[in-house]
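Analysis of the macromolecular model
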Amino acid sequence: MTIEAVAVSKPSAGIVNVKTLKIAEAFAIPILALIASGVIFSIFLFVLGKSPVQFFSLIWKGGFGSGFSIQQSLQRSAPLILTGLAFAVPAQIGLTIIGAEGALVLGGFAAAAIAIPLVTVAIPPFLTLPLMALAAIIAGGFWIGLTGWLKHYRGVNETIASLLLSYIAIAIMNFFVEGALRDPASANKPSTMPIGDSYMIGTMPGTNVQWGFAAGIALAILLQILMTRTTFGFAARMTGGNARAAQAQGLPVGFLVVACCAIAGACAGLAGFFEVAAIHGQANASLVAGYGFTGILVAFLARQNPVAVIPVAILFGAIDAAGGLIQRRMGMPDATVLVLQGIIFVVLLTSDTLYGRFAIFQPKATGDRT
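Below is a summary of the structure that appears in this document. (Residues numbered from 1 in each chain as written. Predicted model: local features only at pLDDT ≥ 70, side-chain atom pairs only at ≥ 80, totals over all residues. Heavy atoms only, no water.)

This paragraph deals with the overall build of the chain. Helix and strand counts for the chain stand at 14 helices and 0 strands. Sequence-ordered secondary structure for the chain, helices as α and strands as β, is α-α-α-α-α-α-α-α-α-α-α-α-α-α. Computed over its C-alpha atoms, the radius of gyration of the chain comes to 23 Å, within 12% of the 21 Å expected for a compact globule of 370 residues. Summarising its shape, the C-alpha atoms of the chain cover approximately 85 × 60 × 40 Å along the three principal directions. Here the chain holds 370 residues, and the buried ones make up 46% of them. By sequence separation, contacts in the chain at least 24 residues apart represent 77% of the contacts at least 6 residues apart. Put simply, the chain shows about 17,900 Å² of open surface, and 68% of that area lies on carbon and sulfur atoms. (Helix = DSSP H or I, 4+ residues; strand = E, 2+ residues; numbered from the N terminus. Rg over C-alpha atoms; globule rule 2.2 N^0.38 Å. Buried < 20%, exposed > 50% of the residue type's maximum accessible area, 1.4 Å probe, protein only. Contact = heavy atoms within 4.5 Å. Areas by Shrake-Rupley, 256 points an atom, 1.4 Å probe, with all protein chains shown as cover.)

Let's shift gears to the pattern of salt bridges. A pair can form between side chains of opposite charge whenever their charged atoms are brought close. Counted under the stated rule, the structure contains 3 salt bridges. Here Asp-320 and Arg-76 are joined by a salt bridge, their closest N and O atoms 3.2 Å apart. Of this pair, Asp-320 sits in helix α12 (residues 309–321) while Arg-76 sits in helix α3 (residues 67–92), and the two are 244 residues apart along the sequence. Judged by relative accessible area, which is 25%, Asp-320 ranks as partly exposed. A salt bridge links Glu-158 to Lys-151, with the nearest nitrogen and oxygen atoms 3.4 Å apart. Accessibility expressed as a relative area gives 7% for Glu-158, which makes it buried. (Salt bridge = Lys/Arg side-chain N within 4 Å of Asp/Glu carboxyl O.)

In this section: helix α13 (residues 323–330). Buried within α13 we find Gly-323, Leu-325, Ile-326 and Met-330. One side of α13 holds all its buried residues, which, seen down the axis, span an arc of 160°. On its buried side, α13 packs onto α2 (52–64), α12 and α14 (336–351). In the stretch just after α13, Gly-331 is the one whose phi turns positive, near 70°. (Arc of directions from axis to C-beta.)

So, on to the packing of helix α11 (residues 291–301) against α14. Contact geometry for α11 and α14: axes closest at 10 Å, N-to-C directions at 45°. In terms of orientation, α11 and α14 fall into the oblique class. Crossing geometry of α11 relative to α14 is assigned as left-handed. Only Gln-341, Ile-344, Phe-345, Leu-348 and Leu-349 of α14 make contact with α11, whose side of the interface consists of Thr-294, Ile-296, Leu-297, Phe-300 and Leu-301. Looking at the contact of α11 with α14 residue by residue, the classes come out as 8 nonpolar, 2 polar and no charged. (Axes fitted to C-alpha atoms, helices over the stretch in contact; angles between N-to-C directions. Parallel < 35°, antiparallel > 145°, perpendicular 65-115°, else oblique. Left-handed = near helix turned anticlockwise from the far one by under 90°. Nonpolar A, V, L, I, M, F, W, Y, C, P; charged D, E, K, R; others polar.)

Written as structure tokens, this is what we have:
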């Protein structure tokens, strides 16, 4: 090998080494955060006089212990994938959007509302369902897109704006569901008119898992490609790194901000569509299930990587699916798993300060040789 070849190969090897260390760090710190969360939650269980070993074994059994459990975990992970993406995409451009819950609710309500006249006049399902999905995507995309517009053009903090808009979205749904669009037959739980079994989306062949899971996986892969392999994604990440520098380079920062927020809202709105068309069959208070907020935790643990959102969402889907089993076997409230999720979230936020602090993940300095 010539001296020139050695000179070229050394920097290349260094770049690869740095990238490998960064990937290792991105995996190791969230895993350590999960372990630390488990230890803290175990102390909580000891105080209550419960067995941590039994608790976590039931989590495994309820989430992955059988074919039925696995399917339940995948089913519950479907909205978490989509709401996780709703946080991860704006994070690429430096925005902290926590309004996926509102976009999901509004998307589900829009899907149910547009279905009422279509189902009434017996428009075929193959036409009705795409229109429902489109309405949900537009409603969710507009709602969080509005947050991006307020951020860029009016200087409103996107975290506060997205949270407040979530409450407004829920209020809008309640206003119509309890008023003009209420089904008279829904006496105990105000709801829109049911879309009917013939308009419901079935499960994937050979499983009990709704098609929202497949849609979430496909969307995560597409968004990964969009954000890492296209000029749009490069421009968005450059804007997230330094918006002023991006604007000085002539990048359309305003468009990028609104577009990323609209994409996020579309993901959450699509989750609302599947909740109506695959689970509930109508819009009601069941849409406000906290998926949008759990999606934030999913995206945090996935380090805002769209593809990494998938396995993390499945993990939290499994925790959620095991809640009933824990309640029956250990005599603990079903909401116990929410305590675990809360501890994980706090520990994850704390662990964010650890990046760059471990020597094992830092490239070793090497002196130049002459």
